[in-house]
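If you want the building blocks of each chain, they are given just below.
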Amino acid sequence: ALGVSEYTRLGILPQALKNYFLRLGWSMGDEEIFSDEEMKLSFQSGTLNSSPATFSMDKLLWFNKFYLEQMSIDQLMEVVPHKDFDGSEYSKTILETIRDRCTTLNDFSINADYFFRDPEDYDQSLILKQCKKETPNHLSLLKEQLTELNNWEQIYIKEVIDKVISDLEIGFGKIGLPFRLALTSRVNSPSIDLVCEILGKDTTLRRLENFLIRLQDLKIDL
């Protein structure tokens, strides 16, 4: 049992919480989503459940994601608790990019952090898992090819990555996952070519170079 303020802390929208609590002990056919006006108009004609209601956080999160998906970027900008979402076009682009990966308001901060700050550290277990002996050479070749790219757009960035993969005769995971780790310090993110475009050429190349230095400095047998 949590107080209402705890749901706010968890990143749950008020309308999602209200809609879910309404449905805990009441139904109107198979309908799940109700506006405030529909709640008032439909409540008396609905059905109150006689059995005890069972609370499900998973179901509440389903409602929350639904309501997040209905919000405009400007509306999200007003409610996401992250100081870097300042209304700039850059922050709007990031919101649009990560919104489908977010179930709570807090998820936006988690998924956006690397767009605003270079990784300060990397999980060594991820490096050991994703980076092999040949990874530094693969990433160095990718860095060379990206440095020569003049048109810094997603489609052209993808062409460079695909060409390097083809030239090296390796699967995407052999270079894509270490590359994602270099840019974001994680292995889950939006498409890596899109991340590159949003970050910009200078930031992408700087992070890649810093990661190569980190691999060189680590006293581990890749």
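Refer to the preceding data block for the structure.
Let me sum up the structure you'll find in this document.

Observations concerning the side chain of H138
You can see H138 is positioned in helix α9 (residues 135-147). With near-sequence residues (within four places) excluded, H138 lies in contact with L168, I170, K174 and I175.

As for the packing of helix α11 (residues 172-184) against helix α13 (residues 201-217)
Each pair of packed helices can be described by the angle between their axes along with the distance between the axes. Contact geometry for α11 and α13: axes closest at 8 Å, N-to-C directions at 105 degrees. With respect to each other, α11 and α13 are oriented roughly perpendicular. Along the contact surface, α11 presents P178, F179, L181, A182 and L183, while α13 presents T204, R207, L208 and F211. Here the residues of the contact of α11 with α13 are counted per class, giving seven nonpolar, one polar and one charged.

Brief notes about helix α10 (residues 154-168)
Over its 15 residues, α10 runs 21 Å from end to end, which matches the ideal 21 Å to within 8%, given 1.5 Å per residue. Among the residues of α10, I157, V160, I161, V164 and I165 are the ones counted as buried. Burial along α10 is one-sided: seen end-on, the buried residues are contained in an arc of 130 degrees. A positive backbone phi angle near 55 degrees is found at E169, which sits one or two residues after α10.

Points about the packing of aromatic side chains
What characterises a pair of aromatic rings is the spacing of the ring centres plus the angle enclosed by the ring planes. Under the definition given, this model contains 14 aromatic pairs. Summarising the aromatic geometry, the rings of Y90 and F116 are spaced 5.8 Å apart at their centres and angled 90 degrees between planes, so their arrangement reads as edge-to-face. Taken together, the positions of Y90 in helix α6 (residues 89-98) and F116 in helix α7 (residues 105-116) put the pair 26 residues apart, joining distant regions of the chain. In this structure F116 comes out as partly exposed when scored by relative accessible area, which is 22%. Lying over the aromatic face of W62, K59 brings its terminal NZ or CZ to 4.5 Å of the ring centre.

Observations regarding α13
For α13, which comprises 17 residues, the first-to-last C-alpha distance of 24 Å matches the rise-based estimate of 24 Å (1.5 Å per residue) to within 8%. What α13 keeps buried is the set T203, T204, L205, R207, L208, F211, L212 and L215. Contacts from the buried residues of α13 go to α7, α8 (124-130), α9, α11 and α12 (192-199).

Regarding the pattern of salt bridges
Under the definition given, this model contains 17 salt bridges. The partner of D36 in a salt bridge is K18, and the shortest N-O contact between them spans 2.9 Å. Taken as a pair, D36 in helix α3 (residues 36-42) and K18 in helix α2 (residues 14-24) lie far apart in primary sequence, 18 residues in all. Relative accessible area serves as the criterion here: at 42%, D36 is assigned to the partly exposed category. Residue classification places K18 among the partly exposed positions, given a relative accessible area of 39%. A salt bridge links R214 to D121; the nearest nitrogen and oxygen atoms lie 3.2 Å apart. Here R214, found in helix α13, pairs with D121, found in the loop between α7 and α8; they are 93 residues apart in sequence, far enough to count as distant. The exposed category is assigned to D121, whose relative accessible area is 55%.

What counts as what
- Residues numbered from 1 in each chain as written.
- Predicted model: local features only at pLDDT ≥ 70, side-chain atom pairs only at ≥ 80, totals over all residues.
- Heavy atoms only, no water.
- Helix = DSSP H or I, 4+ residues; strand = E, 2+ residues; numbered from the N terminus.
- Contact = heavy atoms within 4.5 Å.
- Axes fitted to C-alpha atoms, helices over the stretch in contact; angles between N-to-C directions.
- Parallel < 35°, antiparallel > 145°, perpendicular 65-115°, else oblique.
- Nonpolar A, V, L, I, M, F, W, Y, C, P; charged D, E, K, R; others polar.
- Expected span 1.5 Å × (residues − 1).
- Buried < 20%, exposed > 50% of the residue type's maximum accessible area, 1.4 Å probe, protein only.
- Arc of directions from axis to C-beta.
- Phe/Tyr/Trp six-rings, centres within 6.5 Å; stacked < 30°, edge-to-face > 60°.
- Lys NZ or Arg CZ within 6 Å of the ring centre and 35° of its normal.
- Salt bridge = Lys/Arg side-chain N within 4 Å of Asp/Glu carboxyl O.

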